[in-house]
Each structure stands twice: as structure tokens, then as C-alpha cells.
Amino acid sequence: MIGIIWIVAGLAIGAGVFFFLDKTRGKRASKAAEKLTEETLDQAQEKARRIVKNAESKAIEIREDARKSAELEARDRLSELQSKEQSFKSRLQNIEQRQREVDQRGKTVERRDAEIKKREEEIQKEAEQVRTRLADQEKRWNDLIQNAREQLERAAGMSAEEAKISLIKNIEAEAKLEAAKRVKDIEAEVKENAKREAQKIMATAIQRWAGDFTVERAVTVLPIPSEDIKGKIIGREGRNIRALQAATGMDFIIDDTPETVVISGFNPIRREVARLSLTRLIEDGRIHPARIEEVVKKAEKEVLDDIKSAGERAVMDVGIQGLHPEITKLVGTLKYRYSYSQNNLVHSLECAYFCGIMAQELGLDMMVGRRCGLLHDIGKAVDHEVEGPHAYIGGDLARKYGEKPDVIVGITGHHEDDPPSIWAALTQAADALSAARPGARREMLETYVKRLEELERIATSFPGVERAFALQAGREIRIIVNHEKLTDDAAYMLSRDIARKIEADMTYPGQIKVTVLRETRAVEFAR
């Protein structure tokens, strides 16, 4: 029993010790778990803080990049707006300058009109005074003749009829002697001027020749790939087409015509710039205001290069050497200038060939003739910038850039009624051959005939006019007047009045020569 008791007691003590040890180990494990949990939680919190910090840093970077991008875009937009504003200011200044020039020219024209009117009044007064003096002088001459006749009758002891017969015989003898001398002088003068007259007759005959001529169209029609392009050209709320019109100065007509855009404007150079610009934009596909301005500038440079190339090619075609580069550039500019739908560069090349051929036929220097024909219209290249007739403007330019006197005279005299030299006459004939004949310039036959009829109608509407004839394709009007109704002075004033009436009522190329013919015929029959 005691042994069993000790065994039971030992087991109880062992169980207690085991329970104690197990409880102590559980506490330790629990503390270790709590410590591990705290460490894990601290690590998780630290990791979370690092993640939050990194996120905040990235958010700050993103916000900074967005701010910089917005500032850069704002600066670009501001620069674009400033550039447009500067462009608009420059155009406004140009418009104001042109307006001032127009006002100044208007004042000059008004002043000249007043001076011309005043001069006409003075001329009329002087003409009236001359008529009065002529009438007084005629009366005095009649009185003197009557007195002389009475004195001669008394001194000669013969009647007036006998004195008249004697005087006539003396006058006839003197007239025959004077006529013989005059015939001799005329023969010498004819021999001296024979060559000049022959050249003039040949030039006149050649002037009547007419050949074919082809004109270019003045309106530019640009085909487009599809109808969708029209929307891009117009742009949102029309901003693209407004930018095109502002940059080129042309009108862009986009209507219901399929796959077609019409470019309209008075300046052919600007119209070509507009055509090239729109073609480049359609090929590129990017059509917006900034791109439009960039493309227009490139197109302007291309057109300037084309003008230079056209001038050099024209000079090379006619074989002229030693021409000043500025003159060559002016010749190239004529490629984009038109006169009644006739291309001025083609017209100048034709005149160069015609004038050279005529000069060669007349035994003159062919190259001087070609030079006169090619350069005769260079004044039209700058006549919108310089005031005055294009012939005198061209002569001044030729003189400025060292052309020969014969060429200068040919340029300045190719529109005068009495050409100052043979070169001016040849240039005038070549110009008429290329431009003034019916059909050379774009003009319907009905319009041409109507213009001639209107010219004759204006001339015959004045009192004292019997007949009127339009000659040389409407470049001259010859008027026959009644000598009993109009004096020589009145015929002179009639030519001025008809010329002013034609200028006021008609539109025509070049100039029209008005010639009034008055003659007195004495007719008697021998029976």
C-alpha cells in the first residue's frame, strides 16, 4: 500500500511538474507569437508607409509633368497668337498705306483734271482771240488790197482787168521758175529718204499679217481626289478656308461642282501661289492654319524661283546675251501677267521673233530687234507699283540697267503715233502683229464688230461729221467733215472732243488714233 501510495504520489507529482512545465512553455510560445506579430505588423506598417510615400512622389512627378506640358502648350499657343497678331498688324498697315496712296493718287488726278480744264479754257480763250485777230487782219488786208488796187490803176494808167492779166503773166513765169527749183529739191529729198520710206512701207505691209494665237485661261480650277477633302479645306467653322484666303489673298470657291475647287483673284502670281499651296496641303493631308501659313511661304519661294527660271529660259530662247539679272527677272514676271487674257511673256517672245525677222529683212541688226521686242512690255511687270504709262516705265528701267539707246527708244516709242526711230516703228509693228489683230486677244467676233460700230457711232454723233471709218482693228478712226460747216480750228477741237468721248464711253486695249480730214475742192469743167 505504501508502495502504491508512493507510486500514486510520484505520478501526481510528475503530472504536476509536467503540467507546470507545459504551461510555462505555452506562455513562452504565446509571448514569442505576440512578439512576431508585432514585428510583422511593424514591417507591414513600414512597407505601407514606403508605398504611400512612393505613390505620393509619383503623383507629384505626374502633376509636375502635366503642369510643364500645359505651360509648354500655352507658350506655343501664345507664340502662335502673337505671330498671327503681328501678321494682322502688318497687313493692316499695308492696307492703310495703300489707302493713303490711293487717296494721294486721287488728289493728284483731281489736281491734274483741274489743270487740264483750266488749260482748255485758256486755249479756248486764245482760240477766240486768234479768230478775232484773224478777222481784223483779214479786214485790214481787204482794205489794203482795195487801196493798192486803186493806186495801181491810177499809177499804171490801166484798168484793174488789164493789170490783173499782166500780173498773172509775171506770176506764172516766176511760178514756173520756182516750180523747177522745187522739183529739183523734191527729187533730191526723195532720193535721200527713199530707203527710209521703203523700210516704213515694208514694216506696214508686214504689220497686216495675221497668224494663230493661243491664250491661257485666267481662272484656276484645281481638281481634288474626293469630296471628303472639301470638308478638310473648309475646316471647323470655316477656319481653314479663312486662313487660306488671308494668307494668299485669293477667293476659294467650293460649291456643288464634284471634285473641283475654283481659285479666283485678280493677281495671277498670288493665284499660282494659292494653287501650289492647296495642292501641297491636299497631298500632305494636314490642313490647319499653322500648316497653311508654312506651306504658303514655301509656295511663294517656289513661284519666285519659277519667275527667275522663266526669265532665263526666255532670254535663252531668243538668244540675247548680256542682259542684266534684274531685267531677266522682270521678263520672267510677265509669265504671270495678262492683257485681255493674252499672256504677256508669250506676247513678248512673239514680238522678239517678229521684230528680229523684220529687222533682218530690212538689213538691220537682228539681235537689237529681238531685244526691243522682248523688252518692250517690261514696264507692265511693275506698272502696279510705279505710276505712269508702261512704255515710259519700261524705258526708264532699260536705261537704269544699261540698255543701248536704240533699245530704249524702241521700248518708249512703241505706242506713239509718230515713232521717233526705225526701232520704235518695228517694235510697234511687231506689237500690233502679235496683239492688235482681231482674235489675238480673247474677244468674241460679235464683241469686236460691236466695238467698231460703237467707235463709228460716237464719231458720227458730232455735228459737221459726214463719214467715219474704223481702221487697223479699231486702233484708228478717220473722220471726214463738211468744210462748209467746220473751220480748220474747229476740226482740231473736234478731234479732241471725239477722243475724250471715246475715252469716257468705251473700253479698249492700247490707244485709238483720231484723225479728222477737212478739204475744200474747187471743180470746173472746160467745154
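Residue positions are counted from 1 within each chain, in the order its sequence is given. For this predicted model, a pLDDT threshold of at least 70 governs which residues receive local features, and a threshold of 80 or more governs which side-chain atom pairs are given and counted, while totals over whole chains, interfaces and linings are taken from all residues. Where side-chain values are given, they derive from all heavy atoms of the structure, hydrogens and water being excluded.

Caption draft 1: Geometry of the overall build of the protein. Counting from the N terminus, the helices are the DSSP runs of H or I reaching at least four residues and the strands are the DSSP runs of E reaching at least two. For the protein, the helix and strand inventory stands at 14 helices and eight strands. In this scheme, a residue with accessible area under 20% of its type's maximum is buried, one over 50% is exposed, and one in between is partly exposed, where area comes from a 1.4 Å probe on protein chains only. For the protein, the proportion of its 527 residues judged to be buried stands at 30%. Considering only intrachain contacts with a sequence separation of at least 6, the fraction spanning at least 24 residues in the protein is 61%. For the protein, the accessible surface area stands at approximately 36100 Å², while carbon and sulfur atoms represent 55% of it. By definition in these notes, contact holds between two residues if any of their heavy atoms fall within 4.5 Å. Computed by Shrake-Rupley with a 1.4 Å probe, the accessible areas treat only the displayed protein chains as cover when residues are assessed.

Caption draft 2: Examining the pattern of salt bridges more closely. Counted as salt bridges are all cases of a side-chain nitrogen of Lys or Arg within 4 Å of a carboxyl oxygen of Asp or Glu. Using the criterion set out here, one finds 26 salt bridges in the structure. We note a salt bridge from Lys301 to Asp305, for which the minimum N-O separation is 3.4 Å. Pair noted here: Lys301 and Asp305 are both in helix H6 (residues 289–318), with a separation of four residues, about one helical turn. Taking the relative accessible area as the measure of exposure, Lys301 reaches 53% and is therefore exposed.

Caption draft 3: Region of the structure containing the sheet that holds strand S8 (residues 513–517). What the three strands build is an open sheet, ordered S6-S7-S8; its pairing is mixed. Of all the strands in the sheet, just strand S6 (465–471) and S8 have a single pairing partner and so form its edges. Mean inter-strand twist for the sheet, computed between neighbouring axes without regard to direction, equals 20°. For two strands to be treated as a pair, DSSP must find at least two bridges joining them. Across five bridges, the pairing between strand S7 (residues 476–481) and S8 is parallel. When the sheet's bridge partners are listed, Arg478 is paired in S8 with Thr515. Here an angle of 0 to 180 degrees is reported between the N-to-C directions of two axes, which are lines fitted to C-alpha atoms, with helices fitted over the stretch in contact. Each of S6, S7 and S8 is contacted by helix H14 (residues 488–505), which is oriented at about 150° to S8, the strand it contacts most.

Caption draft 4: Highlighting the nonpolar core. Residues belong to one nonpolar core when they are buried, are Ala, Val, Leu, Ile, Met, Phe, Trp, Tyr or Cys, and are joined through side-chain atoms within 4.5 Å. Counting residues in hydrophobic clusters, the biggest one holds 37 residues, and the most contacted among them are Ile327, Val331, Leu374, Leu375 and Leu426. Contributions of two or more residues to this core are made by H6, helix H7 (325–333), helix H8 (344–361), helix H9 (366–375), helix H10 (390–400), helix H11 (405–412) and helix H12 (422–436). When residues in this core are grouped by element, the largest group, eight residues, is from H8. Beyond its immediate stretch of four places on either side in the chain, Leu375 contacts Leu323, Ile327, Val331, Glu403, Val407 and Ile411.

Caption draft 5: Just a nonpolar patch on the surface, in detail. Each patch is built from salt-bridge-free residues with over 30% relative accessible area, joining like charges within 9 Å and nonpolar side chains (Val, Leu, Ile, Met, Phe, Trp, Tyr) within 5 Å. Taken together, Trp141, Leu144 and Ile145 make up a surface patch of nonpolar side chains, about 330 Å² in accessible area. Look at Ile145 and you get partly exposed, because its relative accessible area is 43%.

Caption draft 6: Summary view of the side chain of Asp431. As for its placement among the helices and strands, Asp431 is situated in helix H12. One polar contact links Asp431 to His347, side chain to side chain, over a distance of 2.8 Å. Each polar contact in these results corresponds to two N or O atoms within 3.5 Å; when the atoms are within protein, one needs to be able to donate a hydrogen and the other to accept it, and residues that are neighboring in sequence are counted only if both atoms are side-chain atoms.

Caption draft 7: Representation of a negative patch on the surface in the model. We score Asp and Glu as negative and Lys and Arg as positive, and we do not count His or the chain ends. Charged groups are reduced to one reference atom each: NZ for lysine, CZ for arginine, CG for aspartic acid, CD for glutamic acid. Residues Glu34, Glu38, Glu39 and Asp42 make up a contiguous surface patch of negative charge. With respect to the secondary-structure elements, Glu38 resides in helix H1 (residues 2–156).

Caption draft 8: H7, seen in detail. Among the residues of H7, Ile327, Thr328, Leu330, Val331, Gly332 and Thr333 are the ones counted as buried. Here the buried face of H7 lies against helix H5 (268–284), H6, H8, H9 and H10.

Caption draft 9: Main features of the sheet that holds strand S2 (residues 251–253). The three strands are arranged S1-S3-S2 in an open sheet whose pairing can be described as antiparallel. Looking at the sheet topology across the chains shown, the edges are occupied by strand S1 (220–223) and S2. Taking each pair of neighbouring strands and ignoring which way they run, the sheet shows an average axis angle of 25°. Of the strands in this sheet, S1, S2 and strand S3 (260–264) are in contact with H5, which crosses S1 at around 5°.

Caption draft 10: Fine view of the pairing of S3. For S3, the buried fraction is high: four of the five residues fall into the buried class. Of the pairings in the sheet, the one linking S1 to S3 comprises four bridges and is antiparallel in character. Counterpart to Val221 in the pairing with S3 is Val262. Across three bridges, the pairing between S2 and S3 is antiparallel. Across the sheet, Asp251 pairs through a bridge with Ser264, a residue of S3. In sequence, S2 turns back onto S3 through a hairpin of six residues, with Glu259 there showing a positive phi of about 50°.

Caption draft 11: Structural context of the side chain of Glu272. Turning to its location among the elements, Glu272 is positioned in helix H5. Look past the residues within four positions of Glu272 in its chain and what remains in contact with it is Val303 and Tyr336.

Caption draft 12: Structural detail: the packing of H6 against H8. Their axes nearest at 10 Å, the elements H6 and H8 cross at an angle of 15°. In terms of axis orientation, H6 runs roughly parallel to H8. Between H6 and H8 lies a crossing of right-handed hand. Of the residues in H8, those touching H6 at Ala310, Ala314, Asp317 and Val318 are Leu345, Leu349, Ala352 and Tyr353. Here is the rule for angles: anything less than 35 degrees is roughly parallel, anything more than 145 is roughly antiparallel, 65 through 115 is roughly perpendicular, and the remaining ranges are oblique. Handedness of a helix crossing follows the sense of rotation of the near helix relative to the far helix, less than a right angle counterclockwise being left-handed and clockwise being right-handed.

Spatial relationships are all this shows, so hold off on functional conclusions.
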